[in-house]
Amino acid sequence: MPTVTLFDGIKLEMFANDHNPPHVHIKYAEYKCLLTIQSGTVYAGSMPVKQLRKASIYVENNRERLMDLWHLLQSN
């Protein structure tokens, strides 16, 4: 699973051949959640509000690049 980015202790990752909807795995300390790329909403799990907000902003600002990476990883 490639790490997409790491900032402020927040790690965003993607799995190859993962299930829909397109999403990123967010990890912070003991917290884990799935954040959809298109809408930026929590699909599963939980995250402190501050870290979730930072991850959501990252996804919003990098949506096109994340979708390109999603499609690349799902075609392998």
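Residues numbered from 1 in each chain as written. Predicted model: local features only at pLDDT ≥ 70, side-chain atom pairs only at ≥ 80, totals over all residues. Heavy atoms only, no water.

(A) Spotlight on the overall build of the protein. Along its length, the protein carries two helices and five strands. The C-alpha radius of gyration computed for the protein amounts to 11 Å, which stays within 12% of the reference 11 Å derived for 76 residues, consistent with globular compactness. Evaluated residue by residue, the protein yields a buried proportion of 36% over its 76 residues. Surface summary for the protein: the accessible area is close to 4,400 Å², and the carbon and sulfur share equals 52%. Taken as two groups, the 8 positive and 7 negative side-chain charges of the protein have centres that lie 6 Å from each other. (Helix = DSSP H or I, 4+ residues; strand = E, 2+ residues; numbered from the N terminus. Rg over C-alpha atoms; globule rule 2.2 N^0.38 Å. Buried < 20%, exposed > 50% of the residue type's maximum accessible area, 1.4 Å probe, protein only. Areas by Shrake-Rupley, 256 points an atom, 1.4 Å probe, with all protein chains shown as cover. Lys, Arg positive; Asp, Glu negative; His and termini not counted. Charge placed at Lys NZ, Arg CZ, Asp CG, Glu CD.)

(B) Spatial organisation of the pairing of strand β3 (residues 23–28). As defined by bridge partners, strand β2 (residues 10–13) adjoins β3 across four bridges and the pair is classed as antiparallel. Considered in β3, the bridge of I10 is made with Y28. Pairing of β3 with strand β4 (residues 31–36), which is carried by six bridges, proceeds in the antiparallel orientation. Paired with H23 across the two strands is T36, which belongs to β4. Between the antiparallel neighbours β3 and β4 lie two residues, among them A29 with a positive phi of about 50 degrees. (Pairing = 2+ DSSP bridges.)

(C) Representation of the pairing of strand β1 (residues 3–7) in the model. Two elements, β1 and β2, share four bridges in a ladder whose sense is antiparallel. What sits directly across from F7, in β2, is I10. Hairpin remark: β1 followed by β2, antiparallel, with two residues in the connecting loop; positive phi at D8, about 50 degrees.

(D) Geometry of the nonpolar core. Within the largest apolar cluster, 17 residues are counted, with the highest numbers of intra-cluster contacts made by L12, M14, V24, I26, I37 and L66. At the level of secondary structure, the elements contributing two or more residues to this core comprise β2, β3, β4, α1 (49–61) and α2 (63–74). With four residues, α2 is the single largest residue contributor to this core. The contacts of I37, once residues within four sequence positions are left out, are M14, P22, H23, V24, V59, R63, L66, M67 and W70. (Core = buried A, V, L, I, M, F, W, Y, C linked by side-chain atoms within 4.5 Å. Contact = heavy atoms within 4.5 Å.)

(E) Up close: the sheet that holds β1. Strand order in the open sheet formed by five strands is β1-β2-β3-β4-β5, and the pairing between neighbours is antiparallel. The open sheet terminates on both sides in strands that have one partner only, identified here as β1 and β5 (42–46). Each strand axis lies, on average, 15 degrees off the axis of its neighbour in the sheet, ignoring direction. Packed on one face of the sheet, α1 meets β1, β2, β3, β4 and β5 and runs near 30 degrees to β4. (Axes fitted to C-alpha atoms, helices over the stretch in contact; angles between N-to-C directions.)

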